[in-house]
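# Breakdown of the fold
For reference, the chains in residue letters:
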Protein chains: 2
Amino acid sequence: MKIDPNSSEDLSVQIAEAIRAAIVNGDLRVDQRLPTEAELGEQFDVSRSTVREALKRLAAQSLIRTQRGASGGAFVNRLSFEDAQGQMITTSTLLLSMNAVDFETACEARYALERACAPLAAFRRSADHLATMRAEIHRQTQPGLSDEAFCASDVAFHRTLVDAAGNPVLSYQLAGAVEAMQPLMNMITFTARSRERIVALHTRIADALEARDGAAVERGLAELAGYTTELGKSVAAARAARRTTP
Amino acid sequence: MKIDPNSSEDLSVQIAEAIRAAIVNGDLRVDQRLPTEAELGEQFDVSRSTVREALKRLAAQSLIRTQRGASGGAFVNRLSFEDAQGQMITTSTLLLSMNAVDFETACEARYALERACAPLAAFRRSADHLATMRAEIHRQTQPGLSDEAFCASDVAFHRTLVDAAGNPVLSYQLAGAVEAMQPLMNMITFTARSRERIVALHTRIADALEARDGAAVERGLAELAGYTTELGKSVAAARAARRTTP
DNA sequence: CGATTTTCATTTGTCAGACAATTAAAAGTC
DNA sequence: GACTTTTAATTGTCTGACAAATGAAAATCG
């Protein structure tokens, strides 16, 4: 763990990287306690504030956690799927909101991912998964349901589909894509007609899953993907028109 | 933007969250300059050090960048795919190295993702993509190639396959999965026999892509997935045996 | 006047020292 | 032995200072 005081990089960045490297290559193990801030300052020959800024950088990435008090300190964090998923969601949301990626691209990625889950889900789905999906479909047919609630149910439905695949890596990757699309998705389910169509496709997918027919699940998803993209396009077009002639 | 000095959360965390929220909901736009650290300190009624720790947290997530000097300061960052991919890779690497996810799960996710790309890649692949893949296959047949070099070429092959799908979201998601698996992948390509088999499957996949036959690409990937999982298992078993009887 | 150099004000990066808040362990008390 | 108090260790926050970078304004020169 060495740093160069004459580098163009900030000291706190260098220190954060040194500690991260130590974690990644195994010199620091999960739940192991780091030296105190004062000790780190001595080791790296910097002040405590600089060490603290480095630790905050690592904490922001869930690499460490800190605890006050005697026998407190900074500990190497075991990165959980929840943490990773949280990071994924914030990153994806920003990517979409800053227009680095458009709705069509996100939509395509989302359904490609779900499609990848289809055969696994068909094979591994439990009765529980199926029951959850049926319940969500039923909720989606309620007439008084708000757009937000419909959309939340839609997310829950798809999330269950992915969870049924039994692969947490896929689950957390999809979570980012879905969550980021949420705001725009809210806008494209506002007519009763599109809801009807979506519910019909959801039912088809659930039926296919019940029959453990992966190929049929894929076909249902493909159709849903096409429909969603279409709706997204028309909403975007309407928006653009409103902007030019307000 | 308000914070609660009596909350159990650290002040720097609260401030970081307040600023992040302002960025996400659009109050702060891309490339917009934040107030100076001193001004932020006044606004939130905290010291400059606390503000700085909050800003470091945001910088660690690439949400802001800072610049010294007159007319310097902190600016809202436009999150790029490269930044997002970098975060994805570090996160995935940690997930795997900390055993929150095992090789089999990562492997399954990886090939599911590639499989999702198959139809898109078959449709959109350019002559360039194909040429790159052929070149990598040719490199993989060189007898003197080191394991690391073979593996790097393998990664390049698959990366091209995904890039051919023309969806940057899928590309950056896969990058994390592949990169994280790299160390173990290095260990499972050490016999000439397995290389032969892998090259044969790569050729099959490239042929299918050339013929724009998405289904055939999927079949090739499925077989490769099965073979890789199998190799991974045997390597893991050999490792375990070595550990019990050293 | 135009181009170049110098000065200067602004802002972040780093440092030093202090105190508050928290917490686990040690010491004391019944 | 169970409970309470004290204590020491550690992070969280504050204050004030100086260094380093940097763009803009001022001064200088041809």
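Residues numbered from 1 in each chain as written. Chains lettered and ligands numbered in written order. Predicted model: local features only at pLDDT ≥ 70, side-chain atom pairs only at ≥ 80, totals over all residues. Heavy atoms only, no water.

### Considerations on the relation of the copies chain B and chain A
Least-squares fitting of chain B to chain A yields an RMSD of 0.2 Å, with the transformation described by 0.1 Å of translation along the axis and a rotation of 180°. Considering both components of the superposition, the chain copies are consistent with a two-fold axis. When the interface residues of chain B are mapped onto chain A, 100% of them again fall at the interface, so both copies present the same face. (Least-squares fit on C-alpha atoms with pLDDT ≥ 70 in both. Contact = heavy atoms within 4.5 Å.)

### As for the protein's contact with DNA strand D
Contacts to DNA strand D come from 25 residues, most closely from R48 and R68 of chain A together with L11, S47 and T50 of chain B. G69 of chain A has a polar backbone atom sitting 3.2 Å from a sugar or linking oxygen of DNA strand D. For the surface near DNA strand D, the elements supplying multiple residues, two or more each, are α3 (48-60) and β1 (64-67) of chain A together with α1 (11-24) and α3 (48-60) of chain B. Classifying every residue of the surface near DNA strand D gives four nonpolar, eleven polar and ten charged. (Near = heavy atom within 4 Å. Polar contact = N/O pair within 3.5 Å; in protein donor to acceptor, adjacent residues only side chain to side chain. Helix = DSSP H or I, 4+ residues; strand = E, 2+ residues; numbered from the N terminus. Nonpolar A, V, L, I, M, F, W, Y, C, P; charged D, E, K, R; others polar.)

### Re the confidence of the model for chain A
Model confidence for chain A is summarised by a mean pLDDT of 88, while 94% of its residues fall at 70 or above. Within chain A, the lowest mean pLDDT, 76, falls on helix α8 (residues 168-187) of chain A, and the highest, 97, falls on α3 of chain A. (pLDDT = per-residue confidence, 0-100.)

### Regarding the nonpolar core
A general trend in soluble globular proteins is that nonpolar side chains are found buried together. Membership of the largest hydrophobic core comes to 151 residues, with the highest contact counts inside it found for I23 of chain A together with I23 of chain B. Those residues in contact with I23 of chain A that sit more than four places away from it in its chain are L28, L63, I64 and V76 of chain A together with L94 and M98 of chain B. (Core = buried A, V, L, I, M, F, W, Y, C linked by side-chain atoms within 4.5 Å. Buried < 20%, exposed > 50% of the residue type's maximum accessible area, 1.4 Å probe, protein only.)

### A closer look at the protein's contact with DNA strand C
Around DNA strand C, the surrounding shell holds 25 residues, and the nearest of these are L11, S47 and T50 of chain A together with R48 and R68 of chain B. In the model, a phosphate oxygen of DNA strand C is placed 2.6 Å from a nitrogen or oxygen of the T50 of chain A side chain. Contacts to DNA strand C include G69 of chain B, whose backbone N or O atom sits 3.2 Å from a sugar or linking oxygen. Elements represented by at least two residues in the surface near DNA strand C include exactly α1 (11-24) and α3 of chain A together with α3 and β1 (64-67) of chain B.

### So, the packing of helix α5 (residues 103-124) of chain A against helix α5 (residues 103-124) of chain B
One can describe the packing of α5 of chain A onto α5 of chain B by two numbers: an axis separation of 9 Å at closest approach and a directional angle of 130°. On the basis of the axis angle, α5 of chain A is oblique to α5 of chain B. The chirality of how α5 of chain A crosses α5 of chain B is right-handed. Counting all contacts with α5 of chain A, which are made through E108, A112, L113, R115, A116, P119, L120 and R124 of chain A, the residues of α5 of chain B involved are E108, A112, L113, R115, A116, P119, L120 and R124 of chain B. Here the contact of α5 of chain A with α5 of chain B is built from residues that sort into ten nonpolar, no polar and six charged. (Axes fitted to C-alpha atoms, helices over the stretch in contact; angles between N-to-C directions. Parallel < 35°, antiparallel > 145°, perpendicular 65-115°, else oblique. Left-handed = near helix turned anticlockwise from the far one by under 90°.)

### Section: the interface of chain B and chain A
Contacts between chain B and chain A engage 45 residues on the former and 46 residues on the latter. A buried area of about 4200 Å², summed over both sides, lies between chain B and chain A, and 62% of it is on carbon and sulfur atoms. Run the count over chain B and chain A and you get six salt bridges. Summed over the shared surface of chain B and chain A, the result is 18 residue pairs in polar contact (both at pLDDT 80 or more). For the side of chain B that touches chain A, the secondary structure elements donating two or more residues are α1, α3, α4 (81-97), α5 and α8 (168-187) of chain B. A total of ten residues in the side of chain B that touches chain A trace back to one element, the largest contributor, which is α5 of chain B. Partitioned by chemical class, the residues of the side of chain B that touches chain A number 27 nonpolar, nine polar and nine charged. (Buried area = accessible area lost by both parts, 1.4 Å probe. Salt bridge = Lys/Arg side-chain N within 4 Å of Asp/Glu carboxyl O.)

### Some words on the packing of α5 of chain B against helix α7 (residues 147-163) of chain B
Residues and elements named next belong to chain B. Their axes nearest at 8 Å, the elements α5 and α7 cross at an angle of 50°. When the axis of α5 is compared with that of α7, the two are oblique. In this structure, α5 contributes R110, Y111, E114, C117 and A121 to the contact, and α7 contributes D154, H158, L161 and V162. Residue composition of the contact of α5 with α7, by class: five nonpolar, one polar and three charged.

### Section: the domain arrangement of chain A
Structurally, chain A comprises domain 1 (11-76) and domain 2 (82-244). Between domain 1 of chain A and domain 2 of chain A, the C-alpha centre-to-centre distance is 40 Å. (Domains from an automatic or database assignment.)

### Observations concerning the pairing of strand β2 (residues 73-76) of chain B
Where β1 of chain B meets β2 of chain B, four bridges bridge the pair, whose relative direction is antiparallel. Considered in β2 of chain B, the bridge of Q67 of chain B is made with G73 of chain B. (Pairing = 2+ DSSP bridges.)

### Topic: the pattern of salt bridges
All names here are of chain B. As enumerated under the stated definition, the model contains 32 salt bridges over all chains in all. The salt bridge involving R139 is made with E136; its shortest N-O contact spans 3.3 Å. Here E136 and R139 lie together in helix α6 (residues 127-140), a separation of three residues that amounts to about one turn. Residue R139 is classed as partly exposed on the basis of its relative accessible area of 43%. Owing to a relative accessible area of 10%, E136 belongs among the buried residues under this scheme.

### Quick notes on the side chain of E114 of chain A
Residues and elements named next belong to chain A. Structurally, E114 is set in helix α5. We classify E114 as buried; its relative accessible area is 0%. Those residues within four positions of E114 in sequence are excluded, and the remaining contacts are H158, L161, V162, L174 and L221.

### Some words on the packing of aromatic side chains
Overall, the coordinates contain two aromatic pairs over all chains when judged by the stated rule. A cation over a ring is seen here: R110 of chain A above Y111 of chain A, with NZ or CZ 5.0 Å from the ring centre. In this structure, R197 of chain B is placed above the aromatic ring of Y227 of chain B, and the distance from its NZ or CZ to the ring centre is 4.5 Å. (Phe/Tyr/Trp six-rings, centres within 6.5 Å; stacked < 30°, edge-to-face > 60°. Lys NZ or Arg CZ within 6 Å of the ring centre and 35° of its normal.)

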